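Here is what each chain is made of, one letter per residue.
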Amino acid sequence: MIWLAWKMLTGDRAKFLGIVFGVAFGSVLIAQQSSIFVGLMRRTSSQIIDITSADIWVMDKRQQNIDEIRPMPENRLYQVRGVDGVAWAVRLFKGNVRAKTSEGNFRQAIMVGIDDASLTGAPPLMTRGAVEDLRRPDGVIVDEDGYRVLFPNQPIELGRTLDMNDRRAIVVGTCKSTPPFQTFPIIYTRYSQAVHYIPRERNTLSFVLVKAQAGQSVAELCRRIAQQTNLLAMSWVDFLMFNIQYYLENTGIPINFGITVTLGFIVGGAIAGQTFYLFTLENLKHFGSLKAMGVDNWRLIGMVIFQALTVGLMGFGIGLGLAATFFEVTERSGQGDLRGMFIPWQIVAITATAVTFIVLAASLASLRKVLFLEPAAVFK
Amino acid sequence: MIGPAEQFAATLAPPVPRAQAAVHCRGVTKFFGADETKVTALAGVDVDIPYGELALLVGPSGCGKTTLISIVAGLLDATAGEVEVLGANLDTLRGSKLVRFRSANIGFVFQQYNLLPALTAEENVAVPLLVRGEPRAQAVRKGAEMLAEVGLGDRRKSRPSHLSGGQQQRVAIARALVGEPRLLVCDEPTAALDARSGQNVMQLIKRIAVKSDRAVIVVTHDSRVYAYGDRVISMSDGKIERVEQPLAATA
């Protein structure tokens, strides 16, 4: 009977493709838009994602996210180091600078000043040069995509110079970083140097990065740091979620993407559902004939569910493939600055669930007609 | 050649001994709706249809023909009365037992053929065997053999849309007979066909469907095919008006 269900489903190719298209349309919108949304949320926390060597991030207790920084006095570092259970604690600067290239281009950039001694906070993957090159005078490392923004249409080469706050910086390395929320270049340098690249401020300490001693509970250490220093201390993952939560609550991003994803679900569901429903209605006399010939309701349910799952699986596969192709093509072509965006497995699972819901809802609406069909209706 | 209706000559049919009745109905009543909307479709039908005969069920629209064959075929429950088909009391068959009984014993021919457009002729014929659980290759092979019997061996790979109305009805007849049913129920098999195709279809039913261990019931409006019946059962207002035998059948 599965063979028969398949034949009935694919007999009218236009309708069959229409249903598959509907599901694929819903899938591609749900998968693509959800992935961009997740990608954007990841970008809001890109610097947090890239610095994994520390267990705890310590900051001013009124800080709400990683971008709006309330700098702390330098002595905060020593207060944190004094807390029992801290293996090490280092400084981290994060702020925005205006960079001028030797060609005269001006670009806003994200400046990350890492610990001079340990270089904790360095970029995760170097593509040219080495992290240790930061120890060279005026040395900075620029992320590759940012390099192209600073020096458009020019080959990547080390030794180029930048001017920030009337101070010279020399590009001694390039790296791969998680793309930031604002599409600014990311410039890494030593903490002691970073504070000279920004306009003069009384306090410059953005964060204190902390490593817990072996066997020390991170949550307990966070509580202890907060208690003893009156600062905000969060584990890496808590700070990540804290930052994302800020953007979820204070921007229109979730609503806008939510609307698109919901529309994809509704429109895809409507196209697939309506076409599948009409397909079943048109086949009602055949289902009636099958009933008269001795096919019971369970086998008919099996046939309709098989048909629904088949179009669901095909539409889901095509939709997901299209979404993945979109990200691959945009990544390779560099168009639209969607670099680093991908479809997480959770989005695949969510899309699969949505598609399953769509096809099951469509098949249930159709099944009602089939199940309540009197076999005697074949004579009408 | 079968003559027009006015030339149809018949005599009253003799009663069918109970042992020879493939279909035995007594006091069969069927109501649809309730209270003010209650409609009496069958009002105490008594009828017997013997094995080895082709019985025509005739009468004006709304007289209860379709309701009667639906009940006899186990597709509809009677409100009251006794219905015995092929020795089985349909009242005692319910749910899956009734479905299996239908699948094993009853073949159907529909007015609009009801062939699956996505299947070839031989695949369409194989459907009742697939329903019974036969392997596909075997079912399709038997379907092709049955098609050859109805004279469509050369069209076995054709889809219904590439067949004429008469050919489609022959495929439907082959489909109804492929499972060797002991009761064949045909609903207006000639209604959608021109006169010549209708005659051919009736000749085919008469030639290959009627067997000593099988009863055939054909519902028809078409008076030109009356002479093909061994027994013509006329209905009116939900009752059997008379049961006749065409003179040709008595000869």
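A. Summary view of the overall build of chain A. Secondary structure assignment for chain A yields 12 helices and 10 strands. In summary, chain A has a C-alpha radius of gyration of 29 Å against a globular reference of 21 Å for 380 residues, an excess of more than 25%. Counting only contacts in chain A whose residues sit at least 6 apart along the sequence, the fraction spanning at least 24 positions is 82%.

B. Representation of the packing of helix α9 (residues 253-282) of chain A against helix α12 (residues 345-371) of chain A. All names here are of chain A. Direction vectors running N to C along α9 and α12 enclose 30 degrees, while the axes themselves pass 9 Å from each other. The angle between α9 and α12 falls in the class roughly parallel. As for the relative orientation of α9 and α12, their crossing is right-handed in sense. Seen from α9, the contacting residues are F265, G268, G269, A272, G273, F276, Y277, T280 and L281; seen from α12, they are A354, I358, V359, A361, A362, S363, A365, S366, K369 and V370. Here the contact of α9 with α12 is composed, by residue class, of 12 nonpolar, six polar and one charged.

C. Fine view of the confidence of the model for chain B. Residue and element names in this part refer to chain B. Across chain B, pLDDT averages 85, with 94% of residues at or above 70. The low-confidence segment residues 1-6 (pLDDT under 50) makes nine contacts with residues lying over four places distant or belonging to another chain. Across the interface, the model reports ipTM at 0.82; the global pTM reads 0.75.

D. Molecular detail of the sheet that holds strand β6 (residues 88-89) of chain B. Residue and element names in this part refer to chain B. As summarised here, the arrangement of the four strands in space is β3-β2-β5-β6, forming an open sheet in which the pairing is antiparallel. Each of the sheet's edge strands pairs with one partner strand only, and the pair in question is β3 (39-50) and β6. Taken together, the two bridges between strand β5 (residues 80-85) and β6 define a ladder with antiparallel strand orientation. Paired with V85 across the two strands is A88, which belongs to β6.

E. The arrangement of the domain arrangement of chain A in detail. All names here are of chain A. Split by domain assignment, chain A resolves into domain 1 (2-44 + 252-379) and domain 2 (73-230). Measuring from the centre of the C-alpha atoms in domain 1 to the corresponding centre in domain 2 gives 47 Å. Taken together, the seven residues of domain 1 in the interface contact six residues of domain 2. Within the side of domain 1 that touches domain 2, the residues separate by chemical class into one nonpolar, two polar and four charged.

F. Spotlight on the interface of chain A and chain B. At the interface, 20 residues of chain A touch 23 residues of chain B. Elements supplying a minimum of two residues to the side of chain A that touches chain B: α1 (2-11) and α10 (284-293) of chain A. In the side of chain A that touches chain B, the residues fall into 12 nonpolar, five polar and three charged.

G. Molecular detail of the environment of S206(A). Residue and element names in this part refer to chain A. Tracing the backbone shows S206 in the loop between α6 (191-197) and β9 (207-212). By C-beta crowding, S206 is classed as buried, having 25 other C-beta atoms within 10 Å. Residues in contact with S206, not counting those within four places in the same chain, are I69, P71, L92, F93, K94 and G95.

H. Here's a closer look at helix α7 (residues 218-229) of chain A. Residues and elements named next belong to chain A. When the terminal C-alpha atoms of α7 are compared, their 16 Å separation across 12 residues agrees well with the 16 Å that a helix rising 1.5 Å per residue should span. Burial in α7 covers these residues: L221, C222 and I225. Relative to the axis of α7, the buried residues are bounded by an arc of 105 degrees and lie together on one face. Exposed residues pointing more than 90 degrees away from the buried face of α7 are listed as E220, R223 and Q227.

Conventions and cut-offs
- Residues numbered from 1 in each chain as written.
- Chains lettered and ligands numbered in written order.
- Predicted model: local features only at pLDDT ≥ 70, side-chain atom pairs only at ≥ 80, totals over all residues.
- Helix = DSSP H or I, 4+ residues; strand = E, 2+ residues; numbered from the N terminus.
- Rg over C-alpha atoms; globule rule 2.2 N^0.38 Å.
- Contact = placed C-beta atoms within 7 Å.
- Axes fitted to C-alpha atoms, helices over the stretch in contact; angles between N-to-C directions.
- Parallel < 35°, antiparallel > 145°, perpendicular 65-115°, else oblique.
- Left-handed = near helix turned anticlockwise from the far one by under 90°.
- Nonpolar A, V, L, I, M, F, W, Y, C, P; charged D, E, K, R; others polar.
- pLDDT = per-residue confidence, 0-100.
- Pairing = 2+ DSSP bridges.
- Domains from an automatic or database assignment.
- Buried ≥ 20, exposed ≤ 12 C-beta atoms within 10 Å, placed from the backbone.
- Expected span 1.5 Å × (residues − 1).
- Arc of directions from axis to C-beta.

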